[in-house]
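Examining the three-dimensional arrangement
One letter stands for each residue in the lines below.
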Amino acid sequence: MPKILRSKEMNKCLGCFTCMNVCAAINRKNHSLVKSAIRVRTTGGMSSDFIAVVCLGCLEPACMEVCPSHALERRQGGGVVLVSEKCIGCRLCEQNCIMGAVIFDEETQKPIICHHCGACSRYCPHDCLQMMEAEEVLAYVK
């Protein structure tokens, strides 16, 4: 069964950005944090907690529904997969993601989409992120 990324214990997050760096390095072959499909940020100010903005793995993804070129296809278990050749760079997916988890790459003019590979969770030194079985996530949501 496919797995879905979830933020697990963000209260342990120190903001080291290892998850973002690993995502960008493995999936985009780039060490720039702006190339990551995950975003770690504060909840507001320097003394606040950190949150991880991650793709929810929606079963009915709004980003896919609004894509005029059908560049986003349903991923088994939830979420979407980008078919880059079909993407026209319209940014509708970015504008319609309910989590703000679709990041637009200004260089390639294409969205950066999390494909729930789990690299970020494997390398998080504080175990803040986890991969969950898709059916377990669905049971938890219901």
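On the secondary structure map, C67 appears in the loop between α2 (62–65) and β4 (72–74). Accessibility expressed as a relative area gives 10% for C67, which makes it buried. With 29 residues separating them along the chain, C67 and N96 place their C-alpha atoms 9.6 Å apart.

Applying the stated rule across the entire model yields nine salt bridges. Here R91 ties to E94 by a salt bridge, and the two come within 2.8 Å at their closest N and O atoms. On the accessibility criterion, E94 (25% relative accessible area) is partly exposed. Counted as one network, the salt bridges with shared partners bring together R28, K35, D105 and E107.

Before going further, it helps to examine a nonpolar patch on the surface. The grouping of L56, I98 and M99 at the surface amounts to a nonpolar patch, some 280 Å² of accessible area in total. Among the structural elements, I98 can be located in the loop between α3 (92–96) and β6 (103–105). Looking at I98, the relative accessible area reads 66%, which means it is exposed.

As a further point, take unusual backbone geometry. The phi dihedral of K29 is positive, around 55°, even though this residue is not glycine. Inspection of the secondary structure assignment puts K29 in the loop between α1 (18–28) and β2 (39–42). Here K29 falls in the exposed class, since its relative accessible area comes to 69%. Of note, H116 is a non-glycine position whose phi angle comes to about 55°, a positive value. Secondary-structure assignment places H116 in the loop between β7 (110–112) and α4 (119–123). Overall, H116 belongs to the buried group, its relative accessible area being 5%.

What counts and what doesn't
Residues numbered from 1 in each chain as written. Predicted model: local features only at pLDDT ≥ 70, side-chain atom pairs only at ≥ 80, totals over all residues. Heavy atoms only, no water. Helix = DSSP H or I, 4+ residues; strand = E, 2+ residues; numbered from the N terminus. Buried < 20%, exposed > 50% of the residue type's maximum accessible area, 1.4 Å probe, protein only. Salt bridge = Lys/Arg side-chain N within 4 Å of Asp/Glu carboxyl O. Patch = residues over 30% accessible without salt bridge, like charges linked within 9 Å, V, L, I, M, F, W, Y side chains within 5 Å. Areas by Shrake-Rupley, 256 points an atom, 1.4 Å probe, with all protein chains shown as cover.

These values are about where atoms sit, not about what they do.
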